[in-house]
Structures are given as structure tokens and as C-alpha cells.
Amino acid sequence: MTADKIKAAALAHFANHGYSGASLSGIASDVGIKTPSIYAHFKNKDELFLAVTEEAIAREWEQATAYFKNRSSSFKEKLYGFLRSQKENYDEDERAKFWLRTSYFPPEHLHDQVMKDVYNLLDKMETLLLQEFKEAKEQEPQLHSLNIEHAAKAYIALLDGVFVELLYGGERRTEERLEASWYMYERALFS
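What you see is a predicted model; the values in this text were computed from it and never measured.

(A) Layout of the layout of surface pockets. Counted as a void, the largest pocket has a volume near 350 Å³. As for the largest pocket, its lining consists of 20 residues, of which Trp99, Ser103, Leu122, Asp160 and Phe163 are closest to the centre. Contributing elements (two or more residues each) for the lining of the largest pocket: helix H4 (45-69), helix H5 (75-92), helix H6 (94-104), helix H7 (111-139) and helix H8 (148-168). No other element matches the six residues that H7 contributes to the lining of the largest pocket. Looking at the lining of the largest pocket, its residues break down into 14 nonpolar, four polar and two charged.

Structure below.
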């Protein structure tokens, strides 16, 4: 139970202050324990950070698979809705904020370890999207000549653009870029 509370507090600290700005004493204070008590659960700050990262990645994957399993929307609506959901998650969920910050700015000394997990998730996402595109191509006549590998990679690039704006651009710029990028992507695929 305490380990989960520590991870929850650490998530908030890492999401809002980054790895270097988060302190174990601040995390311990939020949990209501003394700093040395953290070491009963985690060997050091790195181990705590990696545990939080692992949970965030698992949550991202769970949310993506659950989202795309929903068969009540058209393929076009699902693609657009996923972009919107990523923006909303960032605005409302510290785990999404942590995940995004970590995937773009991992601690230098943990870079290779974190990026291995990030790229693994991205590869799984691309496979998930390829399957979605394959199914849509079979059902939607306007997609029959579509190169689904290119379409999936372009969609991930569109998603990356939204993520960059979330990190650097603020609310208005993110909204403008999301809508403009989606407009062009939608026209290319569905017109």
C-alpha cells in the first residue's frame, strides 16, 4: 500500500518538476512518511522513477487498446477521437503528462533504458494502428488503394506533432495545430 502511495506522489512530482526537480523528501512529505522510509520500497530515486515509468507505459497501452477496441465509431471518427483524447488526457491526467514529458525528456543517465521502453510502446502502437488500417481498408472503398504502412506512420507523425505542441505550444497552439493537421490528413485519406 505504501509503495503505491509513494509511486502516486512520485508521479505528480516527476510530472510537474521532471526527474531532476523532484525530490525524495518532497515525495515522502506528500505521502506522510520520512524520506528514509522510501528506501524500504525503492532502492533509490532511479528505481522509483523507472517503476513510475513502467506503470505509465502500461497505462498508455491499456488506454490505446481499449480505445481502438470500441467499434461504435467509424474509422475516421476513431482516428480523430484518439488525437483529441491524447490532448484531453494531457490536460487532465498527471500520468499522461508524466509519460509525455518522460518520453521526450528522459533523465540523461536513464535515457537508453527509458527510450527502449518508449520505442517498444511506439512499435506496439504502430502494429495496433496497422491492424486498424487493415480492417478499415477492407470495409471502406475509398481506402482500397491506401498504403496502410505509410498511413499508420503518417498518423504517428501527426500524433507526435500534437505531443510537441502540448509540451511547447500551449492550449491555443495545440488546438490550432491539431485541427489543421487533422484537416490535411483527413483530406488525404478520406476524400
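(B) Spotlight on a nonpolar patch on the surface. A cluster of nonpolar side chains, Tyr104, Phe105, Val164 and Tyr168, forms an exposed patch at the surface whose accessible area comes to about 400 Å². Along the chain, the position of tyrosine 104 falls in helix H6.

(C) Fine view of the packing of aromatic side chains. With the rule as written, the count across this model stands at 14 aromatic pairs. Each ring, one from tyrosine 67 and one from phenylalanine 68, has its centre 5.2 Å from the other, and the planes form 85°; the classification is edge-to-face. We classify phenylalanine 68 as buried; its relative accessible area is 1%. By relative accessible area, tyrosine 67 is classed as partly exposed at 24%. A network of ring pairs unites the aromatic residues Phe14, Tyr19, Phe49 and Phe98 as a single cluster. For the cation-ring pair, lysine 45 lies above tyrosine 19, with the distance from its terminal atom to the ring centre recorded as 4.5 Å. It is lysine 97 that lies over the ring of tyrosine 90; its NZ or CZ is 5.4 Å from the centre.

Definitions and cut-offs
- Residues numbered from 1 in each chain as written.
- Predicted model: local features only at pLDDT ≥ 70, side-chain atom pairs only at ≥ 80, totals over all residues.
- Heavy atoms only, no water.
- 1 Å grid on protein atoms, 1.4 Å probe; cavity = no way out; pocket = protein on both sides within 12 Å on 5 of 7 lines; lining within 4 Å.
- Points joined across faces, edges and corners; volume = space filled by probe spheres on them.
- Helix = DSSP H or I, 4+ residues; strand = E, 2+ residues; numbered from the N terminus.
- Nonpolar A, V, L, I, M, F, W, Y, C, P; charged D, E, K, R; others polar.
- Patch = residues over 30% accessible without salt bridge, like charges linked within 9 Å, V, L, I, M, F, W, Y side chains within 5 Å.
- Areas by Shrake-Rupley, 256 points an atom, 1.4 Å probe, with all protein chains shown as cover.
- Salt bridge = Lys/Arg side-chain N within 4 Å of Asp/Glu carboxyl O.
- Phe/Tyr/Trp six-rings, centres within 6.5 Å; stacked < 30°, edge-to-face > 60°.
- Buried < 20%, exposed > 50% of the residue type's maximum accessible area, 1.4 Å probe, protein only.
- Lys NZ or Arg CZ within 6 Å of the ring centre and 35° of its normal.

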